[in-house]
Amino acid sequence: MSISSAKAMSELEQLRHTTERLLVECEQRLEYAERRLNSSIERVESKAVNDSVKVDSEKSGSRNRTKNRAANLAALQELTQAYPAVFSRENVRPLKIGIQEDLIADDKLSKTRIKRALASYVRSPNYLRSIQEGAPRIGLDGEPAGQVTASEAEHAKAQLKAYHQLRKERIREQEKQAKLKEKEERLNDKLSQLLNLNQNR
């Protein structure tokens, strides 16, 4: 065996070792990528299951709120039709203390409908804004029946502030949920692309 053939054999042997080392390294990297992909898939599947459970419970809660809101609005509509001089969306005025008992005694609506309608009416931002110190309260006949005190006006102001704060928080939460959904969709797209790449190999 000549020196050049021995040198060629040595170079071939080095090339074979380098190739084997690279193959082992590629296999390790591929295994690592597969583990990460499987881990990501498991997280996404787990999140999807958790989200579907969460969405189902949110949908049922949302349905109940929607039904209650609809029932409250229907009761309020009946009240505005039965007493247009007192309950108006255009001219919201503070109501007489104890007007609920007067409405029940008048017997035009059921007690439940009266409670629903009054709850919706007095919690509205327009009603809370109408509660100003010294403003006249009105009875069922549309005539003044007392005045708003300073403490009642302060209470209404605090409730209005809490209403606006809650509304801001809801908007922030909706924006946060929208961003999370968008991020999840991007992640799902990337995972689909990785799966397609892996399957095409």
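In case you missed it, the structure is sitting above this.
Residues numbered from 1 in each chain as written. Predicted model: local features only at pLDDT ≥ 70, side-chain atom pairs only at ≥ 80, totals over all residues. Heavy atoms only, no water.

## Considering unusual backbone geometry
The phi dihedral of D107 falls on the positive side, at around 60°, and the residue is not glycine. Here D107 shows up in the loop between α2 (99–106) and α3 (111–122). We classify D107 as exposed; its relative accessible area is 62%. (Helix = DSSP H or I, 4+ residues; strand = E, 2+ residues; numbered from the N terminus. Buried < 20%, exposed > 50% of the residue type's maximum accessible area, 1.4 Å probe, protein only.)

## A look at α3
For α3, which comprises 12 residues, the first-to-last C-alpha distance of 16 Å matches the rise-based estimate of 16 Å (1.5 Å per residue) to within 8%. Every buried residue of α3 is listed here: I114, A117, L118 and Y121. Along the axis of α3, the buried residues cluster in a sector spanning 100°; they form a single face. (Expected span 1.5 Å × (residues − 1). Arc of directions from axis to C-beta.)

## Looking at the pattern of salt bridges
The tally for this structure, following the rule as stated, stands at four salt bridges. E78 is paired through a salt bridge with R113; the nearest N and O atoms lie 2.4 Å apart. With a gap of 35 residues between them, E78 in helix α1 (residues 3–82) and R113 in helix α3 connect regions that are remote in the sequence. The shortest N-O distance in the salt bridge between R137 and E152 comes to 3.1 Å. One end of the pair, R137, is in strand β1 (residues 136–138); the other, E152, is in helix α5 (residues 150–200), with 15 residues separating them in the sequence. (Salt bridge = Lys/Arg side-chain N within 4 Å of Asp/Glu carboxyl O.)

## A word on the environment of A75
Within the element layout of this structure, A75 appears in helix α1. Through-space distance from the C-alpha of A75 to that of S110 is 9.6 Å; in sequence the pair is 35 residues apart. Once residues within four sequence positions are removed from consideration, A75 is found in contact with R113, R116 and A117. (Contact = heavy atoms within 4.5 Å.)

## Points about the packing of α2 against α3
Contact geometry for α2 and α3: axes closest at 10 Å, N-to-C directions at 145°. Relative to α3, α2 is oriented so that their crossing is right-handed. Seen from α2, the contacting residues are I99, Q100, L103 and I104; seen from α3, they are K111, I114, K115 and L118. (Axes fitted to C-alpha atoms, helices over the stretch in contact; angles between N-to-C directions. Left-handed = near helix turned anticlockwise from the far one by under 90°.)

## Here we look at the layout of surface pockets
Estimated volume of the second largest pocket: approximately 750 Å³. Surrounding the second largest pocket, 20 residues form its lining, A119, S120, R123, S124 and P125 being those nearest its centre. Those elements that place two or more of their residues in the lining of the second largest pocket are α1, α3, α4 (125–130) and α5. For the lining of the second largest pocket, a count of residues per class yields nine nonpolar, seven polar and four charged. (1 Å grid on protein atoms, 1.4 Å probe; cavity = no way out; pocket = protein on both sides within 12 Å on 5 of 7 lines; lining within 4 Å. Points joined across faces, edges and corners; volume = space filled by probe spheres on them. Nonpolar A, V, L, I, M, F, W, Y, C, P; charged D, E, K, R; others polar.)

## Regarding the nonpolar core
Residues L79, V86, F87, L95, L103, L118 and Y121 are the most contacted members of the largest nonpolar core, which totals 24 residues. Sorting the residues of this core by element identifies α1, α2, α3, α4 and α5 as the ones contributing at least two each. By residue number, the principal contributor to this core is α3, which donates four residues. Contacts of L95, omitting those with residues within four sequence positions, involve V86, F87, L118, Y121, V122, Y127, R137 and I138. (Core = buried A, V, L, I, M, F, W, Y, C linked by side-chain atoms within 4.5 Å.)

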